[in-house]
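Structural features, examined
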Amino acid sequence: MPRLTLREAISEALREEMQRDPNVFIMGEEVGEWGGTYAVTKGFLEEFGERRVRDTPISEMVIAGAATGAAMAGLRPVAEFMTINFAFVAFDAIVNHAAKVSHMFNGEIKAPVVFRAPGGGGKQLGATHSHTPDVIFAHFPGLKVVSPATPYDAKGLMKAAIRDDAPVMFIEPVPLYTSPRVRDDVPDGDYIVPIGVSDIKREGRDVTIVTYGEGLHTALDAANQLAKEGIEAEIIDLRSLQPLDLSKALASFKKTFKCVVVEFGHGTYGIGAEVAAQLQEKGFDYLDAPIKRVAQAQAPAPYAGALEKSALPNAEKVIAAVKEIL
């Protein structure tokens with residue numbers, strides 16, 4: 001069983017799905033000749049040809065609109081945005097057309113399109129290229145939103161997304177692409193990780209940490225340090241933001257009575273706010289302390305490396321939040 005990086009796992013899933021189903025094709029800026037901005041589709045043009053690996057103009061609205069139309073016509077396009085920041089340019093096609101067409105036509109027309117969107121900060125790309133706007137896309141019914149944190153989940157979720165009859169926003173945390181610590185045993189061949197199912201990544205008894213994407217590894221770092229002090233944190237990886245599965249988080253909360261939510265997006269109106277609201281609605285009798293949120297600072301991402309690092313969640317901030325409610 002090979003150990004793959006996140007980028008390698010996503011690439012493997014795409015290749016296997018293209019080999020399995022001739023209706024699957026890839027489109028986006030520089031996905032062919034260049035192999036994708038982050039080399040996820042490197043070598044695909046030579047293997048599958050330009051009919052199924054299509055370089056597009058630099059126009060995200062064209063990419064999203066054409067992909068949605070192709071999906072409505074029976075194909076299964078995987079449309080890559082160079083970065084999720086550029087998906088705002090394609091917002092109408094994503095949330096007003098792809099997400100709504102099945103509802104508008106009573107299910108007779110579907111749009112099985114996957115929008116691949118590398119996202120997140122921490123790479124000194126400046127404020128306009130460092131968004132983590134995952135919650136915005138999760139807000140709209142009809143659009144599924146996933147963000148894997150491990151190579152195993154990335155491969156399984158990508159396969160599930162391509163085969164799903166609903167449009168899927170597949171958000172890939174850029175800092176995790178080639179991180180040496182984010183390597184995983186990934187099975188050869190076919191398997192699926194279902195969309196809308198969370199996962200327990202670490203068991204514990206003292207506090208529940210709910211997170212996803214890059215936040216998972218920050219939470220694991222914090223949990224390992226807390227364990228040295230006798231504090232055992234249970235970590236829930238949401239994996240999917242829409243549908244949002246909080247069953248495991250709620251079960252854990254009923255065991256620990258305390259919760260910290262970690263996200264790399266902004267805290268205001270964020271994923272953490274939604275998780276906290278639902279946990280207190282459904283588990284109020286188990287609430288021993290306020291649910292704490294650790295998120296990116298409510299400011300445009302700084303360019304300077306030290307400032308950007310200070311604006312993002314880290315293990316020390318998670319540890320401080322845990323100790324505050326303990």
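Residues numbered from 1 in each chain as written. Predicted model: local features only at pLDDT ≥ 70, side-chain atom pairs only at ≥ 80, totals over all residues. Heavy atoms only, no water.

1. Considerations on the nonpolar core
Using the following cut-off: By nonpolar core we mean a set of buried residues, namely Ala, Val, Leu, Ile, Met, Phe, Trp, Tyr and Cys, connected to one another through side-chain atoms within 4.5 Å. The rule is simple: take the accessible area with a 1.4 Å probe, protein chains only, and divide by the maximum for that residue type; under 20% is buried, over 50% is exposed, in between is partly exposed. Helix and strand labels come from DSSP, where a helix needs a run of H or I of at least four residues and a strand needs a run of E of at least two; each type is numbered from the N terminus. Marked domain ranges trace back to an automatic or database domain assignment. Should any heavy atoms of two residues lie within 4.5 Å, those residues are counted as being in contact.
Among the nonpolar cores identified, the biggest contains 44 residues, and Phe81, Ile94, Phe115, Phe137 and Met169 are the most heavily contacted of them. If you tally residues by element for this core, the top one is helix α3 (residues 60–72), at five residues. Here this core gathers at least three residues from each of two domains, domain 1 (3–185) and domain 2 (199–325). Apart from residues no more than four positions distant in its own chain, Met169 is found in contact with Ile94, Phe115, Ala117, Phe137, Leu143, Lys144, Val145 and Val146. Met18, Ala161, Ile162 and Val182 belong to the second-largest nonpolar core, a separate cluster that totals 34 residues.

2. A look at the pattern of salt bridges
As a reminder of what qualifies: Salt bridges are counted wherever a side-chain nitrogen of Lys or Arg sits within 4 Å of a carboxyl oxygen of Asp or Glu.
Counted under the stated rule, the structure contains 27 salt bridges. Ionic pairing is found between Lys159 and Glu17, a salt bridge with its closest N-O pair at 3.0 Å. Taken together, the residues Lys159 in helix α7 (residues 151–163) and Glu17 in helix α1 (residues 6–20) connect sequence positions 142 residues apart. Summarising the burial analysis for this pair, Lys159 and Glu17 share the class buried. A salt bridge links Lys201 to Asp199; its shortest N-O distance comes to 2.8 Å.

3. Re the sheet that holds strand β13 (residues 259–266)
What counts is decided by this rule: The criterion for strand pairing is that DSSP finds at least two bridges linking the strands in question. Where helices are involved, their axes are fitted lines through C-alpha atoms of the stretch in contact, as for all axes, and angles between N-to-C directions lie from 0 to 180°.
Read from one edge to the other, the open sheet built from five strands follows the order β9-β11-β10-β13-β14, with strand pairing classed as mixed. Strands with a single pairing partner mark the edges of an open sheet, and in this sheet they are β9 (199–202) and β14 (292–296). The sheet shows a mean angle of 25° between the axes of neighbouring strands, taken without regard to direction. Relative to β14, β13 runs parallel, the two being bridged by four bridges. The residue of β14 that forms the bridge with Val261 is Arg293.

4. Section: the packing of helix α9 (residues 247–256) against helix α10 (residues 271–283)
Counted only if it meets this: Roughly parallel covers angles under 35 degrees, roughly antiparallel covers those over 145, roughly perpendicular covers 65 to 115, and oblique covers all other angles. For any pair of crossing helices, the crossing counts as left-handed if the nearer helix is rotated counterclockwise from the farther one by less than a right angle, and right-handed if it is rotated clockwise. Asp, Glu, Lys and Arg are counted as charged, while Ala, Val, Leu, Ile, Met, Phe, Trp, Tyr, Cys and Pro are counted as nonpolar; the rest, among them Gly, fall into the polar class.
Contact geometry of α9 with α10 gives a least axis separation of 10 Å together with a crossing angle of 60°. Overall, the two elements α9 and α10 adopt an arrangement that is oblique. Considering how the two elements wind past one another, α9 and α10 form a crossing that is right-handed. Every residue of α10 that contacts α9 at Ala249, Leu250, Phe253 and Lys254 is listed here: Leu279, Lys282 and Gly283. Taken together, the residues that form the contact of α9 with α10 break down as four nonpolar, one polar and two charged.

5. Digging into the sheet that holds strand β12 (residues 240–242)
The seven strands are arranged β3-β2-β4-β5-β7-β6-β12 in an open sheet whose pairing can be described as mixed. Two strands close off the open sheet at either side, each with one partner strand: β3 (53–55) and β12. Ignoring strand direction, the axes of neighbouring strands in this sheet form an average angle of 20°. In this sheet, β12 lies alongside strand β6 (residues 144–146) in antiparallel orientation, the contact comprising two bridges. Across the sheet, Val145 pairs through a bridge with Gln242, a residue of β12.

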